[in-house]
Structures are given as C-alpha cells and as structure tokens.
Amino acid sequence: MAGRCAFLPVRYADDFVVLVSGTREDAIAEKAALADYLQQTMGRELSPERRRSPP
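These figures come from a predicted structure and were not determined experimentally.

1. Section: the overall build of the protein chain
Inference 1: Scanning the protein chain for helices and strands turns up one helix and two strands.
Inference 2: N-terminal to C-terminal, the α/β element order of the protein chain is β-β-α.
Inference 3: Out of the 55 residues belonging to the protein chain, those deemed buried represent 7%.
Inference 4: Of all intrachain contacts in the protein chain linking residues separated by at least 6 positions in sequence, the fraction that spans at least 24 positions is 15%.

2. What to know about a nonpolar patch on the surface
Inference 1: A cluster of nonpolar side chains, Leu 8, Val 10, Val 17 and Leu 19, forms an exposed patch at the surface whose accessible area comes to about 330 Å².
Inference 2: Listing elements by their share of the nonpolar patch, those giving two or more residues are strand 1 (6-12) and strand 2 (15-21).
Inference 3: With respect to the secondary-structure elements, Leu 8 resides in strand 1.

3. What to know about the environment of Thr 23
Inference 1: The topology assignment puts Thr 23 in the loop between strand 2 and helix 1 (24-42).
Inference 2: For Thr 23, a relative accessible area of 40% puts it in the partly exposed group.
Inference 3: Each C-alpha atom of the pair Thr 23 and Cys 5 lies 7.8 Å from the other, and the pair is 18 residues apart in sequence.

4. Examining the environment of Leu 38
Inference 1: Along the chain, Leu 38 turns up in helix 1.
Inference 2: Overall, Leu 38 belongs to the buried group, its relative accessible area being 12%.
Inference 3: Apart from residues lying up to four places away in sequence, Leu 38 is in contact with Phe 16, Gly 43, Arg 44 and Leu 46.

Rules and cut-offs
Residues numbered from 1 in each chain as written. Predicted model: local features only at pLDDT ≥ 70, side-chain atom pairs only at ≥ 80, totals over all residues. Heavy atoms only, no water. Helix = DSSP H or I, 4+ residues; strand = E, 2+ residues; numbered from the N terminus. Buried < 20%, exposed > 50% of the residue type's maximum accessible area, 1.4 Å probe, protein only. Contact = heavy atoms within 4.5 Å. Patch = residues over 30% accessible without salt bridge, like charges linked within 9 Å, V, L, I, M, F, W, Y side chains within 5 Å. Areas by Shrake-Rupley, 256 points an atom, 1.4 Å probe, with all protein chains shown as cover. Salt bridge = Lys/Arg side-chain N within 4 Å of Asp/Glu carboxyl O.

In structure tokens form, the structure reads like this:
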C-alpha cells in the first residue's frame, strides 16, 4: 500500500481502537467518517470523554 493511508480497527470487548498509518489529517478524517457511519447506521455516538484525537 505504498503511498496510501491504512486503517486497522482493533476490537476489545465492546470497545475498539482504530490505528492509522498516515497523516494526522487522515486520522481526523477517519474519525469523522466513523462517527457519521455509527450515527447513521446504528444510532450510536462516539463517547467524547473516551475518544482522543491523534497527537
């Protein structure tokens, strides 16, 4: 995947982490897309106190 951003979701019990190999902007865009997807398909929201933006 030379030159492309890669995303790896890791599930643990009822939580998950998404590891991103790319830029900070890629990670922020993926987080926004995931939040939209969860809201539209399952009516779920990411918990503000449990989520973290990339450093």
